Amino acid sequence: MDVRQKIIQRAVLEIKDGMNVNLGIGIPTLLANEIPPSINVLLQSENGLLGIGPYPTPAEVDPDLINAGKETVTAVPGAAFFDSAESFAMIRGGHIDLAILGGMEVSETGDLANWMIPGKMVKGMGGAMDLVNGAKKVVVVMEHVNKHGESKVKQICTLPLTGKNVVHCLITDLAVFEFTSSGMVLIELVDGATLEEVQEKTEASFTVSPQLLIHQ
Amino acid sequence: MSKINESFESAIQEIQDGATIIVGGFGLSGIPEKSILALRDKGVKDLTIISNNCGVDDWGLGLLLANKQIKKMISSYVGENKIFEQQFLSGELEVELVPQGTLAERIRAGGAGIPGFYTATGVGTKIAEGKEHKEFDGKMYILERGITADFALVKAWKADTLGNLVYRKTARNFNPLAAMAGKVTIAEVEEIVEPGELQPDQIHTPSIFVQRLLQGNGYEKRIERKTVQVEKGDFSWT
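So, a few notes on the structure that sits alongside this text.

Procedures and definitions
- Residues numbered from 1 in each chain as written.
- Chains lettered and ligands numbered in written order.
- Predicted model: local features only at pLDDT ≥ 70, side-chain atom pairs only at ≥ 80, totals over all residues.
- Heavy atoms only, no water.
- Buried < 20%, exposed > 50% of the residue type's maximum accessible area, 1.4 Å probe, protein only.
- Helix = DSSP H or I, 4+ residues; strand = E, 2+ residues; numbered from the N terminus.
- Contact = heavy atoms within 4.5 Å.
- Buried area = accessible area lost by both parts, 1.4 Å probe.
- Salt bridge = Lys/Arg side-chain N within 4 Å of Asp/Glu carboxyl O.
- Polar contact = N/O pair within 3.5 Å; in protein donor to acceptor, adjacent residues only side chain to side chain.
- Nonpolar A, V, L, I, M, F, W, Y, C, P; charged D, E, K, R; others polar.
- Phe/Tyr/Trp six-rings, centres within 6.5 Å; stacked < 30°, edge-to-face > 60°.
- Lys NZ or Arg CZ within 6 Å of the ring centre and 35° of its normal.
- Axes fitted to C-alpha atoms, helices over the stretch in contact; angles between N-to-C directions.
- Parallel < 35°, antiparallel > 145°, perpendicular 65-115°, else oblique.
- Left-handed = near helix turned anticlockwise from the far one by under 90°.
- Pairing = 2+ DSSP bridges.
- Right-handed = clockwise from strand over helix to strand, strands pointing away.

Structural notes on helix α2 (residues 33-42) of chain B
Residues and elements named next belong to chain B.
Item 1. All buried positions along α2 are accounted for by E33, K34, S35, I36, A38 and L39.
Item 2. Where α2 is buried, its residues contact α1 (8-11), β1 (20-23), α3 (62-66), β8 (149-155) and β11 (182-189).
Item 3. A positive phi of about 80° marks G43, the residue just after α2.

Okay, structure coming up:
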């Protein structure tokens, strides 16, 4: 299975019936297609929509209805529109149940870096810093290693932080970790990964949960 | 005295070199496209612009960048614009990046007469450097300042002749906040109706926040990423 598909299949299990969810740009947005029909959630878009619907048909395209990725979308029945301050009141006020974001690096203390690489053009953090500090649960999805095979799960982030001690759960193509007061805990091995492989490809220190789940 | 201006040229005539302007919109959605064109034609320089984004190379605030009219941008995300990158790297353009929620709240607070507020957003990051930190109930926060500006340019869907505004769908975004925070707020709309035709319960921006009003014709409303469904119920965007 494709690396991204492995991450998506595991991450979608975090989305529970009745939740209000914000999906970041990148892998997280691909999750929307995988939510089972039996699970009813409202997807929030930080530009002012609670209840994102599918892409429009060509006849439905409306320049006044876009998502945070600036793409044309629709609104589901029961959706609401609001201004940017109210949108971030939802986010910063702890009303969003779950935020799923992409990552460049995650540290063993739950720090997240995902907005800039020094020396490269800075595009801006958008709403990421607000989301990681405000959502009830922050899940980061990313590939376990970079294209050079180096671990993205670090002792300390080397890139500028998006948030410090903000990640609750990290899902990679190899493993799922939880961040607790006593540190980073491996709780699942994803799709055939072994403990040895995860240990070898993880720079961060972590403990292994006694209830470690292994998916074959 | 009527707030209705006949031309965009006259509506923006007071905007001079060095002005600070808050501009509504998210991406290209809900931007005051006619007022921006008038500013481009007027050619005023050394502007400080507060806006979530900075348009694209050939539309929206990107037009003012291309014309070298902007000295400083205060934004949360500016990644859609190559001219922006060139001017930033050459040092011509000063940039202050602000988390989107902090930017929205700074504008809202400024318009509401609140000079500062504490937020957890940015704690432990570069954004927090040099800012006052304060602990509330065991959690750390940083002080952020309210923003006001000499002018605000906003785009709404409908107005009545008094300047009550109604926005449409996600084109609302930063516009109601901008309207509150401008010392002079210039609102452009697609349709102006008589007082009483807009339901008081449905007004998003009360007329008190609007000083000048114009109806624009032939809105382009460019779309940055036109996405349509391949299959029914298709949600994924790449």
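Having put the structure on the table, let's press on.
Overview of the interface of chain B and chain A
Item 1. With 55 residues of chain B at the interface, the matching set in chain A holds 52 residues.
Item 2. Interface of chain B and chain A: buried area, both sides summed, is about 4,900 Å²; carbon and sulfur atoms make up 62% of it.
Item 3. Taken together, chain B and chain A are joined by four salt bridges.
Item 4. Residues D64(A) and R168(B) are paired through a salt bridge, measuring 2.8 Å at the closest nitrogen-oxygen approach.
Item 5. Summed over the shared surface of chain B and chain A, the number is 28 residue pairs in polar contact (both at pLDDT 80 or more).
Item 6. Residues of the side of chain B that touches chain A, tallied by class, amount to 21 nonpolar, 20 polar and 14 charged.

Some details on the packing of aromatic side chains
Item 1. One pass over the full model with this rule turns up three aromatic pairs over all chains.
Item 2. Here F136(B) and Y141(B) contribute two aromatic rings whose centre-to-centre distance is 5.5 Å and whose plane-to-plane angle is 80°, an arrangement assigned as edge-to-face.
Item 3. By way of ring pairs, the aromatic residues Y118(B), F136(B) and Y141(B) are connected into one cluster.
Item 4. A cation sits over an aromatic face here: K70(A) above F26(B), 5.2 Å from the ring centre.

Topic: the side chain of S76(B)
Item 1. Here S76(B) lies in the loop between β3 (70-75) and α4 (82-89).
Item 2. Looking at S76(B), the relative accessible area reads 0%, which means it is buried.
Item 3. If sequence neighbours within four positions are ignored, S76(B) has contacts with K123(A), G124(A), M125(A), G126(A), S51(B), N52(B), L97(B), V98(B), P99(B), Q100(B) and L103(B).

A closer look at the packing of helix α3 (residues 84-92) of chain A against helix α5 (residues 100-111) of chain B
Item 1. At a minimum axis separation of 9 Å, α3(A) and α5(B) run at an interaxial angle of 125°. Taken together, α3(A) and α5(B) sit at an angle that is classed as oblique. As α3(A) runs across α5(B), the sense of the crossing is left-handed. Facing S84(A), A85(A), F88(A) and R92(A) of α3(A), the residues of α5(B) in contact are Q100(B), G101(B), T102(B), A104(B), E105(B) and R108(B).
Item 2. Within the contact of α3(A) with α5(B), the residues separate by chemical class into three nonpolar, four polar and three charged.

Things to note about the sheet that holds strand β4 (residues 94-97) of chain B
Residue and element names in this part refer to chain B.
Item 1. Overall, parallel pairing links the seven strands, which are arranged β4-β3-β2-β1-β8-β11-β13 in an open sheet. Because the sheet does not close on itself, it has two edges, and the strands there are β4 and β13 (212-215). On average, each strand axis in the sheet is inclined to that of its neighbour by 20°, with strand direction left out of account.
Item 2. Sheet topology note: the β8/β11 ladder contains six bridges and is parallel. Looking at the pairing, A152 lines up with T185 of β11.
Item 3. Its contacts with the sheet place α2 against β1, β8 and β11, and it is angled at close to 115° to β11.

So, the sheet that holds strand β7 (residues 139-145) of chain B
All names here are of chain B.
Item 1. Within the open sheet, the three strands sit side by side as β5-β7-β6. Their pairing is antiparallel. Each of the sheet's edge strands pairs with one partner strand only, and the pair in question is β5 (116-119) and β6 (133-136). Mean inter-strand twist for the sheet, computed between neighbouring axes without regard to direction, equals 40°.
Item 2. With four bridges joining them, β6 and β7 adopt antiparallel strand pairing. For K134, the partnering residue across the bridge sits in β7 and is Y141.
Item 3. Across the face of the sheet, α5 comes into contact with β5 and β7 while running at roughly 155° to β5.

Section: the pairing of strand β2 (residues 47-50) of chain B
The side chains of a regular strand alternate, first on one face of the sheet and then on the other.
Residues and elements named next belong to chain B.
Item 1. On β2, burial covers both faces: L47 and I49 on one face and T48 and I50 on the other are all buried.
Item 2. Examined bridge by bridge, β1 and β2 share three bridges and lie parallel to one another. Of the residues in β2, the one forming a bridge with I22 is I50.
Item 3. Chirality of the crossover, the property in question, places the unit of β1, α2 and β2 among those that are right-handed.
Item 4. Bridge count between β2 and β3: four bridges; the pairing is parallel. Residue pairing for β3: I50 is matched across the bridge by I74.

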